[in-house]
Amino acid sequence: MVEAAAITVKRRGALDHRSEAINGVSLQPGKPARRISLRARPDGLAPLSLALGLDLPAKPKTSVTANGRTAFWLGPDEWLVIDDGEGDPIADLAEVSVLHSAVDVSHRNAAIIVSGEKAADVINAGCPQDLGVQAFPVGACSRTVLGKIEVVLLRTAPNTFRVECWRSFADYAFSYLSDAARGI
């Protein structure tokens, strides 16, 4: 009898091979994270928020961050929840009895962190969202477009943005942003 050797498989991030600093703008892949697409009625917010350890935002274009976890308001009954730590939002919601849908989309999405004084200009090269700090302050989030793809955008600091896109579009998004940075 032959004993099989243990094999460890590590999933590579969609952008692990990409990192650039161009004209004072840094483009970095976001670190690995767990993500869920959450849908629920307004009457379910309290128990879902309690289970997740943060208050799900109820206002358009807002996000809430607590304990390494961020919830993005995407619609009246929709949130994207990202856990950058060791937490498991799906497991945290498993015992919640209010009607909701929580789908793990961790491997569907990839993140690009765009930072620097001209970060908003780089993103605006392909995004119609007004990224002026008055219209889109720190903590603001939005589902929008970048070039030809849908993205979810979050301003994490005055000159830093998180661009979430589908994994299959990650190279396109990174290249688009890289080209835009060369043009500023």
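Each remark here, short or long, concerns the structure printed above.
The text that follows walks through the structure, step by step, so that each part is easy to find. Since we're looking at a predicted model, the values are computed, not measured.

1. Regarding the overall build of the chain
In terms of helices and strands, the chain carries four helices and 11 strands. A globule of 184 residues ought to have a C-alpha radius of gyration of about 16 Å, and the chain, at 18 Å, matches this closely. When its C-alpha atoms are laid out on the principal axes, the chain stretches across 60 × 50 × 25 Å. Expressed as a percentage of its 184 residues, the buried residues of the chain come to 43%. At a minimum sequence separation of 6, the contacts of the chain that also span at least 24 residues come to 61%. Just so you have it, the chain exposes about 9,900 Å², and 54% of that area is on carbon and sulfur atoms. Computed over 20 positive and 21 negative side-chain charges, the separation of the two mean positions in the chain equals 4 Å.

Cut-off values and rules
Per-chain numbering applies: the sequence of each chain, read as written, is numbered from 1 onward. Only residues with pLDDT of at least 70 get local features here, since the model is predicted, and only at 80 or more are side-chain atom pairs given and counted; chain-wide, interface and lining totals rely on the full set of residues. Only heavy atoms go into the side-chain values, all of them from the structure, while hydrogens and water stay out. Secondary structure elements are defined from DSSP: runs of H or I of at least 4 residues count as helices, runs of E of at least 2 residues count as strands, and each element is numbered from the N terminus. For this measure, only C-alpha atoms enter the radius of gyration; the expected value for a globule follows 2.2 Å times N^0.38, where N is the number of residues. Burial classification: accessible surface area is computed with a 1.4 Å probe over protein chains only, and a residue below 20% of its type maximum counts as buried, one above 50% as exposed, and the rest as partly exposed. Two residues form a contact once any of their heavy atoms are found within 4.5 Å. Calculation of accessible area relied on Shrake-Rupley with a 1.4 Å probe; when residues are assessed, cover is drawn exclusively from the protein chains displayed. Working convention for charge: Lys and Arg count positive, Asp and Glu count negative, and His plus the chain ends are omitted. Taken as the charge centre is NZ of Lys, CZ of Arg, CG of Asp or CD of Glu, depending on the residue.

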